[in-house]
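Fold and geometry: a report
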Amino acid sequence: MHQTSALYQTLLRDPRHRKETKVNIAGIDYGEDALLSLETSGGVFKEPDIGCCASRQIDLSLRQPGVIPRSAKIQVFVRLAAGERVSEWIPKGVFFISTRKLDKVSGVLDIHGFDAMRRAGDVWDIDPYANWPMSQQEAAADIARQMGVELDPRTVLSNDFPVAYPVDENGDMAMQDVLEGIAVCNAGNWVITDEGKLLLLRLGDIPPETNYLVTEHGRAITLGGVRILVG
């Protein structure tokens, strides 16, 4: 859950508010005048499962964006606006370009990308002289570093099952294999947060407030003064 300002909360309750979106690609902002479409998908656990590494994807189209580097970082932001009042920008995901296609006639660039979880498929480049077995916290932090992200400070892992030297009968192990084992030990799943950090999300970590029924403006829907909880 993001911590939002009082202004954001005020605008959320205003029936006139609208959402504005922008993306930052390789340090350059592209607002709604350049954005033709934007969609993110994945990263949601549809079944009550554990031991997964969920990756998100992004598809967007930009009008005449100019030169964009290959494999560039894409950061997505949204804010609320009502009249002249606008809230702070809220991060909604960090991705990296995988493929792109330019329409030379219209100048529209179609981009497809993934978040950093895709990098977990690489082999874990370990220090053979490190102290093995290694604590889960240390292993996760090192894997996050090799993925090019930070370990979210909210991730607190079990001390009961340290990580063994990561080589099995098939040779070196991918970082994803190790992360999945850690996730099973902690009854959770790994995600990349909207800020681009690696987070272990345990079953039951989502606060019950997120399951309360609200209007499109964020107001609670009640029945006889009692908030309605949805499954």
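Residues numbered from 1 in each chain as written. Predicted model: local features only at pLDDT ≥ 70, side-chain atom pairs only at ≥ 80, totals over all residues. Heavy atoms only, no water.

1. Considering the overall build of the protein chain
When its secondary structure is counted, the protein chain shows 3 helices and 14 strands. Looking at the protein chain as a whole, 37% of its 231 residues are labelled buried. Residue pairs at least 24 apart in sequence account for 62% of intrachain contacts in the protein chain once pairs closer than 6 positions are excluded. Taken as a whole, the protein chain presents about 13,600 Å² of accessible surface, with 51% of it coming from carbon and sulfur. (Helix = DSSP H or I, 4+ residues; strand = E, 2+ residues; numbered from the N terminus. Buried < 20%, exposed > 50% of the residue type's maximum accessible area, 1.4 Å probe, protein only. Contact = heavy atoms within 4.5 Å. Areas by Shrake-Rupley, 256 points an atom, 1.4 Å probe, with all protein chains shown as cover.)

2. A few points about the packing of helix 2 (residues 136–147) against helix 3 (residues 175–185)
Remark: helix 2 packs on helix 3, axes separated minimally by 11 Å, with the N-to-C direction vectors making an angle of 145 degrees. For the pair helix 2 and helix 3, the crossing hand works out as left-handed. On helix 3, the residues touching Gln136, Ala139, Ile143, Gln146 and Met147 of helix 2 are Met175, Val178, Leu179, Ile182 and Cys185. Along the lines of polarity and charge, the residues of the contact of helix 2 with helix 3 split into 8 nonpolar, 2 polar and no charged. (Axes fitted to C-alpha atoms, helices over the stretch in contact; angles between N-to-C directions. Left-handed = near helix turned anticlockwise from the far one by under 90°. Nonpolar A, V, L, I, M, F, W, Y, C, P; charged D, E, K, R; others polar.)

3. As for the packing of aromatic side chains
Inspection of every chain in the model, using the stated rule, returns 2 aromatic pairs. Plain terms: the ring middles of tryptophan 124 and tryptophan 132 are 5.8 Å apart, the flat faces sit at 75 degrees to each other, and that makes the pair edge-to-face. Geometrically, the ring pair formed by tryptophan 132 and tyrosine 165 is edge-to-face, given 5.3 Å between the ring centres and 80 degrees between the ring planes. With tryptophan 132 in the loop between strand 8 (108–114) and helix 2 and tyrosine 165 in the loop between helix 2 and strand 9 (167–168), this pair connects stretches of sequence that are 33 residues apart. On the basis of relative accessibility, which here comes to 21%, the residue tryptophan 132 falls in the partly exposed class. One Lys or Arg, lysine 22, reaches over the ring of phenylalanine 77 and ends 5.5 Å from the middle of that ring. Directly above the ring of phenylalanine 96 sits arginine 119, whose terminal nitrogen or CZ lies 4.0 Å from the centroid. (Phe/Tyr/Trp six-rings, centres within 6.5 Å; stacked < 30°, edge-to-face > 60°. Lys NZ or Arg CZ within 6 Å of the ring centre and 35° of its normal.)

4. Comments concerning the pattern of salt bridges
Here the structure, examined in full by the defined rule, presents 11 salt bridges. As a salt-bridge pair, arginine 18 and glutamate 32 come within 3.9 Å of each other at their nearest N and O atoms. In this pair, arginine 18 sits in strand 1 (residues 18–25) while glutamate 32 sits in the loop between strand 2 (28–30) and strand 3 (35–42), placing the two residues 14 residues apart along the sequence. Across the pair lysine 92 and aspartate 194 runs a salt bridge whose closest N-O atoms are separated by 3.5 Å. Of this pair, lysine 92 sits in strand 7 (residues 90–102) while aspartate 194 sits in the loop between strand 11 (188–192) and strand 12 (198–202), and the two are 102 residues apart along the sequence. Owing to a relative accessible area of 32%, lysine 92 belongs among the partly exposed residues under this scheme. The exposure class assigned to aspartate 194 is buried, which follows from its relative accessible area of 16%. Here the salt bridges share partners, and the residues they tie into one network are Arg18, Glu20, Glu32 and Arg79. (Salt bridge = Lys/Arg side-chain N within 4 Å of Asp/Glu carboxyl O.)

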